[in-house]
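Notes for the structure review
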Amino acid sequence: MVRVVVTGLGVVSPVGNNVSEMWDAVINARSGVGPITHFDASEYSTRIAAEVKNFTPEPYLSRKEARRLDTLLQFTVVAAGQAVDDAGLECYAGLDRSRVGVLIGAGIGGMRTMIDTHTELLKRGPSAISPFFVPSIITNMSGGLVAERYKFSGPNFSISSACATGNHAIGEAMEMIRRGAADVMICGAGEAAIVELGVGGFAAMRALSTQNDDPEHACKPFDKNRDGFVMGEGAAVMVLERAEHAQRRGARIYAELVGYATTADAYHMVAPDPEGRGAAEAMRLALVSAGLTPEQVDYINAHGTGTGLNDPIETKAIKTVFGDYAYQVAISSTKAVHGHLLGGASALEAVITVLAIRDGIIPPTANLTTPDPECDLDYVPLQARRTPVRVAMSNGFGFGGHNATVIFRHFEE
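Residues numbered from 1 in each chain as written. Predicted model: local features only at pLDDT ≥ 70, side-chain atom pairs only at ≥ 80, totals over all residues. Heavy atoms only, no water.

**Considering the overall build of the protein**
For the protein, the count of helices and strands is 13 helices and 14 strands. Taken along its principal axes, the extent of the C-alpha atoms in the protein is 65 × 55 × 40 Å. Across the 413 residues that make up the protein, the buried fraction comes to 62%. Residue pairs in contact within the protein that sit at least 24 positions apart in sequence constitute 78% of those at least 6 positions apart. Within the structure as shown, the protein displays about 15,600 Å² of accessible surface, and the carbon and sulfur contribution to it stands at 51%. One finds the centroid of the 35 positive side-chain charges in the protein at a distance of 4 Å from the centroid of its 46 negative side-chain charges. (Helix = DSSP H or I, 4+ residues; strand = E, 2+ residues; numbered from the N terminus. Buried < 20%, exposed > 50% of the residue type's maximum accessible area, 1.4 Å probe, protein only. Contact = heavy atoms within 4.5 Å. Areas by Shrake-Rupley, 256 points an atom, 1.4 Å probe, with all protein chains shown as cover. Lys, Arg positive; Asp, Glu negative; His and termini not counted. Charge placed at Lys NZ, Arg CZ, Asp CG, Glu CD.)

**Re the packing of aromatic side chains**
Summed over the entire model, instances satisfying the criterion amount to seven aromatic pairs. Summarising the aromatic geometry, the rings of Tyr150 and Phe152 are spaced 5.3 Å apart at their centres and angled 15° between planes, so their arrangement reads as stacked. On the accessibility criterion, Tyr150 (6% relative accessible area) is buried. For Phe152, a relative accessible area of 3% puts it in the buried group. (Phe/Tyr/Trp six-rings, centres within 6.5 Å; stacked < 30°, edge-to-face > 60°.)

**A closer look at the pairing of strand β13 (residues 391-398)**
Across the eight residues that make up β13, a large majority, eight, are buried. Covered by surrounding structure in β13 are Val391, Met393, Asn395 and Phe397 together with Ala392, Ser394, Gly396 and Gly398, the residues of both alternating faces. The sheet contact formed by strand β9 (residues 299-301) and β13 spans three bridges and is parallel. Counted as the bridge partner of Ile300 is Met393 from β13. Where β13 hands over to strand β14 (residues 402-409), the hairpin turn is made up of three residues, of which Gly400 adopts a positive phi near 95°. (Pairing = 2+ DSSP bridges.)

**Focus: unusual backbone geometry**
Omega for the peptide link from Glu58 to Pro59 comes to 5°, which places this bond in the cis form. Among the secondary structure elements, Pro59 is positioned in the loop between β3 (48-49) and α2 (63-67). For Leu342, which is not glycine, the phi torsion reads 55° and is therefore positive. Turning to its location among the elements, Leu342 is positioned in the loop between α12 (335-338) and α13 (345-359). Phi is positive for Leu382, close to 70°, though the residue is something other than glycine. Tracing the sequence through the fold places Leu382 in the loop between β11 (361-362) and β12 (385-386). We classify Leu382 as partly exposed; its relative accessible area is 43%.

**Topic: the pairing of strand β6 (residues 184-191)**
Counting buried positions along β6 gives eight out of eight residues, so the element sits mostly inside the fold. The two faces of β6 match: Val184, Ile186, Gly188 and Gly190 on one face and Met185, Cys187, Ala189 and Glu191 on the other face are all buried. As paired strands, strand β4 (residues 100-106) and β6 are joined by seven bridges and run parallel to one another. Looking across to β6, one finds that Leu103 is bridged to Cys187. Judged from the eight bridges that link them, β6 and strand β7 (residues 234-242) form a sheet pairing that is antiparallel. Paired with Met185 across the bridge in β7 is Leu240.

Below, the structure is given as structure tokens:
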């Protein structure tokens, strides 16, 4: 079996525009949620979100380049640039760029560009449409731009599977390395949907928290008083690499990616299977893929959205797979801090899972003060926990019944 390792990380998030800032906020439960500033949300039932703050595209994009691109593309290109730099790929003279691929996805695409262009079309007619409109809204353009910047000519496409997108991108990138299609894959996902239609659409579904007067405590995964998720935005990208290739060039290795599986609920457009069968099977198959038993898992980064349906069903699924050990394994959801990045969610949470292994710190579930009796596992409430983490699992479950689970392990030669 070809071993695949993580050698680079990059992040643009509501709690920091690089990996170190984000991680510090997550382990200290420092919230990135606040009133929406991207547009006038005064007439919306939900007026809060986790927005990216103080973002600048330099040095990965010039101001001129950035003006032509949707916010989503800016986020993903910058996160990918950070990951490439972190991995030291540009410093490696022996890099075969035809063996480097890119797989960066998104759940929705360039929503800000769609809304603004449609507004101008209604005002001024077809002449108002920019020639950069189509490239700015399609989800594959993140990978295209990264490949163009670095001349990476290996496998390149995008995945769009709602909130499972990031894990799908990471898992499929691993599979491409394992089957010999690439030595290195730049993979992850992003989203930038805190716009009028995005917030309005999820609010119409009654999926969002309406605790507008207390934004920092609005998202409450596994808490009895939860009332919906909080939208976030940003991007997260990691560099995956064939272990021998990474060792040959002396790369720093964060962790090994050892397991991946994907399933479908085949149940409903947006509601999860009430028994959590698809989610449980994704976790079970990921363990089989990794050659691990449930008792070897030290930490689970849960999908944990803070919605009425997701949290108890994910709890049920974990119990199905882990049995009695479900009560011993540490579990947390970091969405209470950084919000739900939709298509980018599981990519960011995969990065967080890798950092938990690196530092031996399990991030807390912020805002969990009144546990739901149906959610009776160890959800690491309020404060981070320092303990060795050798094996960690991360879940991503999306609308449409898409489930994807990845498993990382401390790397040993």
